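Chain by chain, the residues run as shown.
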Amino acid sequence: MHSSILQPTDDNVISTIKENLLDRNSYLAYFIKLIRALDGGSVVALDGRWGSGKTFFIKQCKKIFDVYSDEIQCVDADRIVLDNAIMPYFKGETFELSGYISVYYDSWRNDDDIDPVLSILYDIVNSVGGEDKLKKYEGIPSLLLSIIDAFAKTNTSGLLDKVREENILVEIKNNRSKKQLINDFISKICEKDNKKLLIFIDEVDRCNPDFAVRILERIKHYYDNESIVFVYSVNMLELQHTIKMHYGNEFNASVYLNRFFDVVVELPLINIDKIINHYSRLDEDSSSVVHRVIINKFGFQCRDIIRYFDMLYYALHILSDTTFHNWYGESNPSYFCSHYLIPIMIGLKLSNISAYIDFIEGRNSDIFVEIMSDTEIMTYMIRSFLESEEIDDKTDQSDMYKERLQETYDALFNTTYNNNINIKKVGHYAFDRRVIKDVFDTVGLLSRNSAETYSTTE
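What you are looking at is a predicted structure, and each value in this text was computed from that prediction instead of being measured.

*Asks:* So what exactly am I meant to see when it comes to the sheet that holds strand β5 (residues 263-266) here?
*Replies:* Backbone hydrogen bonds hold the strands of a sheet together, and the pairing may be parallel or antiparallel. Taken in spatial order, the five strands of this open sheet run β2-β3-β4-β1-β5, and their pairing is parallel. Two strands bound the open sheet, and with one partner strand each, they are β2 (100-106) and β5. Between one strand and the next, the sheet's axes are offset by a mean angle of 20 degrees, whatever the strand orientation. Judged from the six bridges that link them, strand β3 (residues 196-202) and strand β4 (residues 228-234) form a sheet pairing that is parallel. The residue of β4 that forms the bridge with Ile201 is Tyr232. Contacting β1 (42-47), β2, β3, β4 and β5, helix α2 (residues 25-37) crosses the sheet at an angle of about 175 degrees to β5.

As structure tokens, then:
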């Protein structure tokens, strides 16, 4: 088995736009309109929680700019996909994106760099076609050599050797500042074809605090360059925590960050139903409500939802090889455990490992009762816990139902099964040691990273 978690490759970026999997195509169009409306020297922050799909979103955005660029060779099929999936949101507006050179910079992958500016510069070089295409820009090789020499960066030696083949002008020996050198470099790239640089800066909030601050402080020196539009992809709350780790807990990180961004926009929530329908491989309608309640309860983002379904799928795969006999029969306790208990346990394990430990050690029944008491779940499950005469009774059934849920939790996690007690009956279910052992064995095999490491083959 392989994880369903999508990596933001070109193919996956295009396919998610084609299917509108995250239900964000309209927002992509809005965001592109926003970028087009900005003047050079503007800075945008795209704010979203960890796991909400920020990286996917900005790579989708970058892909759109690249496909409609006149500088990059793109697959015709990609253009067709975007014409059908994105263009309708522009409603006949002039759609001109060829005036941009888009650059993606992963801060987290580069946080061992001494200075982020040079590694961003390296990504810019790659975005315009790499070293081999630099010759079309007059004076660029000389400027690039000056910059590299100024930074004394050894990990770009290959690029340096390539540039040294050019005739080096005496001008590179002058004492211009690094900032001026880099601004000249960017100007020469942009002025040739009257373009702007669109630089996407991702994962700053995941970097070590020193490097995160260094990125913000170093790159701000180029905010006044009319040839650049910066787009940061960040979790603003986590970035504030990162800033405080650098400057101290009393530091006003919110005011500090306001200095860096002209516009802050929020990444919209994903369409949970669409994600559930796409990633649930369980082929069952009765549990879809349970999944939705669990996902909402724990506030799962896109990455969490995919991991949840992967772990649940692997759990049921494991159960099919155990003594969980006839677990599709609704009166069988194994059915209840596989369709309700195990999803709750996996959701809790992904969300809060401490709460999960309390749960399986019999100290946290509240979350179980709360989720199972959701109106839709209770409507479907009440006949499994109450007798017909209790259901026909005019008294409030929800209290009796919750009492049975508590009894179920105690039967699962607070009962010692031995020769005196070998079965515990609650409603239509009869729990025993075998069922409970299979539940513990199954969920115990699934770590928080099981979705990526599980090695059983289908």
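Don't stop here, the text continues.
*Asks:* Could you clarify how one ought to interpret the pattern of salt bridges in this entry?
*Replies:* When their charged atoms lie close together, side chains carrying opposite charge are able to pair. This structure, assessed with the given rule, holds 11 salt bridges. A salt bridge links Lys63 to Asp10; the nearest nitrogen and oxygen atoms lie 3.7 Å apart. One end of the pair, Lys63, is in helix α3 (residues 54-67); the other, Asp10, is in helix α1 (residues 10-19), and 53 residues separate them in sequence. Lys63 gets classed as buried once you look at its relative accessible area, which sits at 10%. Judged by relative accessible area, which is 51%, Asp10 ranks as exposed. The partner of Asp106 in a salt bridge is Arg109, and the shortest N-O contact between them spans 3.6 Å. Three or more residues joined by partner-sharing salt bridges are found here, namely Asp10, Lys63 and Asp78.

*Asks:* Sorry if this is basic, but what is going on with a negative patch on the surface here?
*Replies:* A cluster of acidic residues, Asp396, Asp399, Glu403 and Glu407, forms a negative patch at the surface. Here Glu407 shows up in helix α20 (residues 397-413). Of the residues examined, Glu407 reaches a relative accessible area of 36% and is grouped as partly exposed.

*Asks:* I keep staring at the nonpolar core and nothing clicks. Help me out?
*Replies:* In globular proteins that are soluble, nonpolar side chains generally tend to be buried together. In terms of nonpolar packing, the biggest core is built from 66 residues, with Phe336, Leu341, Phe359, Phe368, Met372 and Ile377 touching the most fellow members. Top contributing element to this core by residue count: helix α15 (residues 333-351), with 11 residues. Met372 has contacts with Phe336, Tyr340, Ile344, Ile377, Met378, Met381, Tyr401 and Leu405, leaving out every residue within four places of it along the chain. Judged by nonpolar contacts, the second largest core, of 42 residues, contains Val128, Ile182, Phe185 and Ile186.

*Asks:* I'm lost on helix α18 (residues 375-385) in this one. Help?
*Replies:* For an α-helix the count is 3.6 residues per turn, leaving residues at separations of three or four pointing the same way. For α18, the full list of buried residues reads Ile377, Met378, Met381, Ile382, Ser384 and Phe385. Each buried residue of α18 sits inside an arc of 150 degrees when the element is viewed along its axis, so together they form one side. When the buried face of α18 is taken as reference, the exposed residues oriented beyond 90 degrees from it are Thr379 and Arg383. The opening residue of α18 is Asp374, an N-cap whose side-chain oxygen sits 3.1 Å from the backbone nitrogen of Glu376.

*Asks:* In this structure, what is going on with the side chain of Glu203? I would like to understand it.
*Replies:* You can see Glu203 is positioned in the loop between β3 and α9 (209-219). Among the polar contacts made by the side chain of Glu203, one reaches the side chain of Arg206 at a distance of 2.9 Å. Residues within four places of Glu203 in sequence aside, it is in contact with Thr55, Asp106, Ser107, Trp108 and Ser233.

Criteria and cut-off values
- Residues numbered from 1 in each chain as written.
- Predicted model: local features only at pLDDT ≥ 70, side-chain atom pairs only at ≥ 80, totals over all residues.
- Heavy atoms only, no water.
- Pairing = 2+ DSSP bridges.
- Helix = DSSP H or I, 4+ residues; strand = E, 2+ residues; numbered from the N terminus.
- Axes fitted to C-alpha atoms, helices over the stretch in contact; angles between N-to-C directions.
- Contact = heavy atoms within 4.5 Å.
- Salt bridge = Lys/Arg side-chain N within 4 Å of Asp/Glu carboxyl O.
- Buried < 20%, exposed > 50% of the residue type's maximum accessible area, 1.4 Å probe, protein only.
- Patch = residues over 30% accessible without salt bridge, like charges linked within 9 Å, V, L, I, M, F, W, Y side chains within 5 Å.
- Areas by Shrake-Rupley, 256 points an atom, 1.4 Å probe, with all protein chains shown as cover.
- Lys, Arg positive; Asp, Glu negative; His and termini not counted.
- Charge placed at Lys NZ, Arg CZ, Asp CG, Glu CD.
- Core = buried A, V, L, I, M, F, W, Y, C linked by side-chain atoms within 4.5 Å.
- Arc of directions from axis to C-beta.
- Polar contact = N/O pair within 3.5 Å; in protein donor to acceptor, adjacent residues only side chain to side chain.

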